[in-house]
Each structure stands twice: as structure tokens, then as C-alpha cells.
There are 2 protein chains.
Amino acid sequence: MKRTELVENIKRKESFLCVGLDPDIKKIPQHLLREENPLFAFNKAIIDATAPYCVAYKPNLAFYESLGVEGWIALERTVKYLKENHPDQFIIADAKRGDIGNTSMLYARSFFEHLDVDAITVAPYMGEDSVTPFLGYEGKWVILLALTSNKGSHDFQLIEDKNGKRLFEHVITTSQKWATPDEMMYVVGATQGSMFKDIRNVAPQSFLLVPGVGAQGGSLEEVARYGMIPDCGLLVNSSRGIIYASSGEDFAEAAGKEAEKLRDQMSALLKSSHII
Amino acid sequence: MKRTELVENIKRKESFLCVGLDPDIKKIPQHLLREENPLFAFNKAIIDATAPYCVAYKPNLAFYESLGVEGWIALERTVKYLKENHPDQFIIADAKRGDIGNTSMLYARSFFEHLDVDAITVAPYMGEDSVTPFLGYEGKWVILLALTSNKGSHDFQLIEDKNGKRLFEHVITTSQKWATPDEMMYVVGATQGSMFKDIRNVAPQSFLLVPGVGAQGGSLEEVARYGMIPDCGLLVNSSRGIIYASSGEDFAEAAGKEAEKLRDQMSALLKSSHII
């Protein structure tokens, strides 16, 4: 999906919400375990209930891989279901891959040709040749980890060089030599609201994928205040806060309501920024 | 597998060779495509031919994932075959994973409980809580990316802080607060032979997994000179140089011969270091 199309969807739906499809077999409503593929059944119901309120879905691969072959089948069916029934959704494989060149190329093939998602998250540690094989696919995106929202993000991402430039800033400035803002986004954690100012200093035009709103404690208002740009430039993800809003038979309805709430907040923020 | 057992195997087999099981469907001998699962058939033949000369196998997950469900089946069958027929082999899932805590926990379950390999490679960018969920499994190992052998490794891994300490050195010193040398190893690329001295300054007791000997251009003698410690402390990986030694029907025999050559070199190095 091209940037213009993503931005059109954001304006039309008045939402920059991404729903994290992280189904844990131990947490999904128990009545779904009777289904042939419980993870897919869960995802399908969540998708149908939340699709009017979001513009993107982000399955985290760990939740599928941890089930082996059955998990991969659930992932493939989920992506196929989205593409056939909700073709306006931007699909992000949250895989955090990154390997030497010829290996990254295999991952690129796997995610962009075989699975055919719109974007994949990539870890930057191994540098240029671990990232560039994912580029050059028409309408496909790399979403590079920059500043993550977990506690351990401080261990290395904030290390300063002799000029006070932090590692995550190196990652953002260096990687912009490899790709344009129309093919690369950055993961920026929402628990560090004021950091968005620093991020916009080095990435004024890039879309940011923001995890950590909700369960991980970030504030949507702060993210919008510091991170929003004229064509929005934000995708804010919520996983647990939506998909586990209820553990009963009404789980999908409850998920829809949570997504709607976030959409309403996002709509107000888009309006106050005169984007819509 | 515990460290003492790994070291016993190295001494008994006079080898610290790890064979990379990176089967590319486009490169394996064409007559194997008639097999029910060509990747597994290839791996099985390679394993039977090389097992006398190595102590470890390292399947790189990308080669399996890129084939979707069929690839996962090949991986699971390969690991099962190794455990049943060559139980003295140390099995490394080269996955380069790393995610927030609860997600890394799922990966740990997937690789250590479901697939039941001995070790997994982990990317350090997200810090402590992305790594520690892989620890605490009896006899299982984390192999953390420190200094990789690819060109892009220079982009971030060599960035110096104000005291001249490089990122890969931060990764090694910080991560030693999380785990002992009996449960954590480091990936250190062999194309940078002299760097092994710097690595041993910060990781005097750790095992190092060394890719890049052979196809990527590293020298075995240099690695041993600077990297070897009293219980060896090295696993040197070769993938393409062994598994694609021949593309004909004699591919397994040719792979065995290449592995034997490396074993002979390693045997001499272990003897000259008085380890055996």
C-alpha cells in the first residue's frame, strides 16, 4: 500500500489505529478452543468487529510461531482473510527480523511475496545489508526498530556517542540514507512521550509506528502533540487493550467498543490538528 | 546441553565445527525435488555425512520460514532427526529473535519447549527484558549477537561512546550481568580476526559462535589464535562451504569431505593449544 492510500484511509476513517493481533492460546475465550483453528477464529471475530475503526492490523509473529505449524496456518489464513474481506487495511508482520544480506532476502521473499503483507518490522543491529533486501518492493514498507517501549530499551538504544547522539538517533539518521519516507517507517515507543520531539528532529517526514499506548502506559494525546505531521505520520497500535477487552463470549463486541473509543479520540486529535 | 558435555564432545571429536543447515530450495540438488519434503531430505543426507566431523548444527530459520508451513515441517523433522539419531549434537536455532518480555517468552517456549533445541540466537537491540525470558531453561543457551560478520555490522556495532567503548562491547559487558558463561554465548564474526583480542578482554570465559569462516572470508587460524581459551570456547560455523560443496548427486559425500578437512585443521589447532 502506498503512502497516499494509507493517508486517505486515515482521513476517511478518522483513525490512525493499528490493532495488534497477538492471540495467546491461553488467553482467548475458551469456547473458541472447539474451533478447527482457534487462533484464526479469534482473529476473524476481532477483525470483523474492529475493522470500521482502524486502518491497520499488526500480527506479532511470536504468537503464531510458538504454535509451530498450526500457528503458521493461522497466520496465513488471517492475512488472506484480511486481504479478501478488508482490502483497505495495512498489514504489518511484526517479525523484528534482521540477518545478513542473503538471509534477509529470504525473509523479504517470505513476507512480501509468499505472505504478501504491506510491511515488516526489522531490527537494525546488523546494519545496512540486513535492512536493504526488504526495500524495492512496490508499495511495501520496512518498519525499523528505533526507540522501543519496553524497559530494556534503555540498555543500548540510549547510549550516547562522544557528541551526545544516541544510538536510536544514529539508527534513524543512517537508515534515511537507505530509504525514503515513502518506504520506511520507525517503531517509536509511546511510554516516552517527550522523546517524540527528538524523533521529529531527525525524522520530520516519516511515519511512526507507536506501540505501548494502553497496556504499556503511553498517552495518545502526548503522542499526537509531539508526533503528528501534516499527513498524520502516525500509526498507533493497541493490542491487549482491545483484543482482551472481554474474556467472555462477547469478546469481539467488547473489542469493537474499545477500538471505537480510540477512534473517537483519534478523530478529535485529527480535527484539532486540521488534518481532517 | 551443558557446557561440560559440549566441551567433552569437542575433545572427543577433535572438532569445534558447527554446520549451518541453510538449505535453499533453489540451490539444493535437483533430484531431491522429487522427495516428499526436499529440504528435510537434503538436511538428512548432509547430517549423516558430516556428523562424525562436527559438534553442532545451526539451522537458520529464514531458510525454513521462507517456505511457509512446508518449511516449518522440514525444520521440525530435522531437529527430531538430529535428536533421535545424533543426540550428541548441539542444536542452534539461528533465529535472531528479540522482542518485549512477554513476546520473547513465547519465542523461548517455542524454541526450547516445542522445538527443543539447545540454543537460540538473539538480537540485543531491545535490551534486558528481550533477552532474559530465554534464560533459566536447564541446559539451554542464549547466543547473543555481538559483532557480526556482515558489511553492515560497522553501521551501528562499532559506534563508540564518549569513553571509546563500542556498542558491541556494551552488549557483551552489560549482558554478562544477566547470565553466566554457562548459559550465554556470543556471535562474533570471523572476518575481523584481530577483534577477537578485544572480545576476549570483555568476555574471557564465554563460548563464541563464529560465523563467516569460509564463504564470508574469515581465517580459522586467526580465530583460534585470538579466540581460543582452555576449554576451547569456540564454535566455528560453516554453511555454504560445506552444504554446497557439490551440486550433483554426490553432494552429501562432498559435504562430508569438506567437514572432514575442517575437522583436521581444528584437531591440529586443539592439539597445538594443548586442549587435547
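You'll find the structure just up there.
The present account deals with the structure reproduced in this document.

The rules behind the values
- Residues numbered from 1 in each chain as written.
- Chains lettered and ligands numbered in written order.
- Predicted model: local features only at pLDDT ≥ 70, side-chain atom pairs only at ≥ 80, totals over all residues.
- Heavy atoms only, no water.
- Buried < 20%, exposed > 50% of the residue type's maximum accessible area, 1.4 Å probe, protein only.
- Helix = DSSP H or I, 4+ residues; strand = E, 2+ residues; numbered from the N terminus.
- Pairing = 2+ DSSP bridges.
- Right-handed = clockwise from strand over helix to strand, strands pointing away.
- Contact = heavy atoms within 4.5 Å.
- Buried area = accessible area lost by both parts, 1.4 Å probe.
- Salt bridge = Lys/Arg side-chain N within 4 Å of Asp/Glu carboxyl O.
- Polar contact = N/O pair within 3.5 Å; in protein donor to acceptor, adjacent residues only side chain to side chain.

Before going further, it helps to examine the pairing of strand 5 (residues 141-147) of chain B. Residue and element names in this part refer to chain B. When you tally the buried positions in strand 5, you get seven out of seven residues, the bulk of the element. Pairing geometry for strand 4 (residues 119-122) and strand 5, over four bridges, is parallel. The partner of Ile120 across the bridge, within strand 5, is Val142. Of the strand pairs in this sheet, strand 5 and strand 6 (residues 184-188) are connected by five bridges, and their pairing is parallel. Bridging across to strand 6, Val142 finds its partner in Met184.

Residues and elements named next belong to chain B. Along strand 2 (residues 56-59), one buried face is formed by Ala56 and Lys58 and the opposite face, lined by Tyr57 and Pro59, is buried too. Of the pairings in the sheet, the one linking strand 1 (residues 17-21) to strand 2 comprises four bridges and is parallel in character. Paired with Gly20 across the strands is Lys58, a residue of strand 2. After leaving strand 1, the chain enters helix 2 (residues 38-50) and then returns to the sheet as strand 2, a path that is right-handed. Where strand 2 meets strand 3 (residues 90-97), two bridges bridge the pair, whose relative direction is parallel. Bridge assignment links Tyr57 to a residue of strand 3, and that residue is Ile91.

Bringing the interface of chain B and chain A into the picture now. In this complex, chain B contributes 54 residues to the contact, which on the side of chain A involves 54 residues. Counting each side, the surface lost to burial between chain B and chain A is near 4800 Å², with a carbon and sulfur contribution of 62%. The tally of links from chain B across to chain A stands at four salt bridges. A salt bridge links Arg97(A) to Glu65(B), with the shortest nitrogen-to-oxygen separation between them at 2.8 Å. Joining chain B to chain A, the criterion identifies 24 residue pairs in polar contact (both at pLDDT 80 or more). Mapped onto the side of chain B that touches chain A, the elements with two or more residues apiece are helix 3 (61-65), helix 4 (69-85), strand 3, helix 5 (101-114), helix 6 (128-131), strand 5, helix 7 (153-157) and helix 8 (167-175) of chain B. For the side of chain B that touches chain A, the element with the most residues is helix 5 of chain B, which contributes eight residues.

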